[in-house]
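Chain by chain, the residues:
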Amino acid sequence: MTSAVFCADIGGSFIKFGVSRHPGEMEECGKVPTPVSSWDDFVQAMHNLIEKFGADLPAGTPLAISTAGLVSPQTGEMLATNIPAFTGHSLAKDLSVALARPVTAANDADCFALAEAHAGNSQHQPVVVAIILGTGVGGGLVINGQLVRGHGGVTGEWGHGAITRTELVINGENYAVPRLKCGCGQTGCLDMLGGARGMERLHQHFHHQDCTSLEIVTGWLNGDASASLTVNAWLELVAEPLALLVNILGPSRIVAGGGLASASELIAALDVKVRSGVLHNYQQTLLVPGKFLTDGGLVGASVMGRLES
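As the structure is a computational prediction, the values presented were derived from the model and not from experiment.

J.: Would you explain the overall build of the protein in this entry?
T.: For the protein, the helix and strand inventory stands at 9 helices and 14 strands. In terms of C-alpha radius of gyration, the protein reaches 20 Å, essentially the compact-globule figure of 19 Å for 309 residues. For the protein, the residues scored as buried account for 52% of the 309 residues in total. Taking the contacts inside the protein whose residues are at least 6 apart along the sequence as the reference set, 65% of them involve residues at least 24 apart. When the accessible surface of the protein is totalled, it reaches about 13700 Å², and 51% of it is carbon and sulfur. The centroid of the 17 positive side-chain charges in the protein is displaced by 3 Å from the centroid of its 27 negative side-chain charges.

The following block contains the structure:
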């Protein structure tokens, strides 16, 4: 197992860079804009970061990458619509050649799952499901400390293919739910209603008001009737496919990341709703907020870099 690992968390706007010199430790060094349109510029940006922050480390120190989009473990090819520079490239293989060092790469939700399973709020659990409740809905799966990487890099993507209801009954009243076209090509995916933007879409649908997810959750906590309707509908829509995921995978812990995970009362309410709809009687809390809500990509990448080195 290697002693030090360079780590990068790549999004559509910025590359966050860090160095993990020892297992369990992470030094976040800084961030630079992501060169989304040019592969050559991206390679140069990574070279510059390594030179700037790791000049004292051996030449072969590996680089582990957490990235937006899907990373196929079979071919290494990327599907990242917001980073066209990756199109046609095997991210890890091509970057390894360009930088003359070992490179590994995985989806950011997968890296978050690794971070929580190894150093976060789901340590020592045999089956860990990580869910992302951010702009949209995503997830990852770790079993016995190892990341499960499905065909094409698709594992734990419970936000797609999970088609939401078109009607809900809340406090004895019937409410129609919109079935929206999803970016994946399907119609009615949870991803369109289950993340922060989805909560905002629900609120606009019910009340014809444009509010942020933070405003909606705050209103719910303060007893606002409009916000409470939106959040109750959101809880119903999200809990149902999440309960199905629990019944299929049998997790010992679910850990939540993304912006909505910072609202601990919301996650606690979702936990209660999910546990009421699953086969196994989970008497203790199943769903908890993650420890690494802001740096899970970097921490998870450091874990991955050591596991695969």
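Structure shown, so let's carry the discussion forward.
J.: Which parts of the structure should I look at to understand the sheet that holds strand 13 (residues 253-257)?
T.: Sheet strands pair via backbone hydrogen bonds, and the direction of the pair is either parallel or antiparallel. Strands sit in the order 10-9-8-13-14 across an open sheet of 5 strands; the sheet is mixed. The open sheet has two edge strands with one neighbour each: strand 10 (146-147) and strand 14 (287-289). Inspection of the sheet shows strand 8 (residues 127-133) paired to strand 9 (residues 137-143) by 7 bridges, in the antiparallel sense. Its bridge partner being in strand 9, Val128 is matched across the sheet by Val142. Sitting on the sheet, helix 8 (residues 264-275) touches strand 8, strand 13 and strand 14, and the angle it makes with strand 14 is about 170°.

J.: What am I meant to see in the nonpolar core here?
T.: Across soluble globular proteins, nonpolar side chains show a tendency to be buried alongside one another. Counting residues in each nonpolar core, the largest one holds 46 residues, and the members touching the most others are Ile131, Leu133, Trp158, Trp234, Leu242, Leu266 and Leu270. Elements that contribute at least two residues to this core include exactly strand 8, strand 9, strand 11 (167-170), helix 5 (196-207), helix 6 (213-221), helix 7 (225-249), strand 13 and helix 8. Broken down by element, this core gets its largest block of residues, 13 residues, from helix 7. Leave out the neighbours within four places in its chain, and Ile131 touches Phe112, Gly138, Gly139, Trp158, Leu242, Ile254, Val255, Ala256, Gly257 and Leu287. Counting residues in each nonpolar core, the second largest holds 29 residues, with Phe6, Ile10, Phe17 and Phe86 among its members.

J.: I'm lost on helix 2 (residues 91-99) in this one. Help?
T.: At 3.6 residues per turn, the α-helix brings residues three or four places apart onto the same side. Turning to helix 2, its buried residues number three or more, namely Leu91, Ala92, Leu95 and Leu99. Projection of helix 2 onto a plane perpendicular to its axis shows the buried side chains occupying an angular sector of 85°, all on one side. Among the exposed residues of helix 2, those oriented more than 90 degrees off its buried face are Lys93 and Val97. Remark: Ala100 follows helix 2 within two positions and exhibits a positive phi of approximately 55°.

Here is what the cut-offs are and how they apply
Residues numbered from 1 in each chain as written. Predicted model: local features only at pLDDT ≥ 70, side-chain atom pairs only at ≥ 80, totals over all residues. Heavy atoms only, no water. Helix = DSSP H or I, 4+ residues; strand = E, 2+ residues; numbered from the N terminus. Rg over C-alpha atoms; globule rule 2.2 N^0.38 Å. Buried < 20%, exposed > 50% of the residue type's maximum accessible area, 1.4 Å probe, protein only. Contact = heavy atoms within 4.5 Å. Areas by Shrake-Rupley, 256 points an atom, 1.4 Å probe, with all protein chains shown as cover. Lys, Arg positive; Asp, Glu negative; His and termini not counted. Charge placed at Lys NZ, Arg CZ, Asp CG, Glu CD. Pairing = 2+ DSSP bridges. Axes fitted to C-alpha atoms, helices over the stretch in contact; angles between N-to-C directions. Core = buried A, V, L, I, M, F, W, Y, C linked by side-chain atoms within 4.5 Å. Arc of directions from axis to C-beta.

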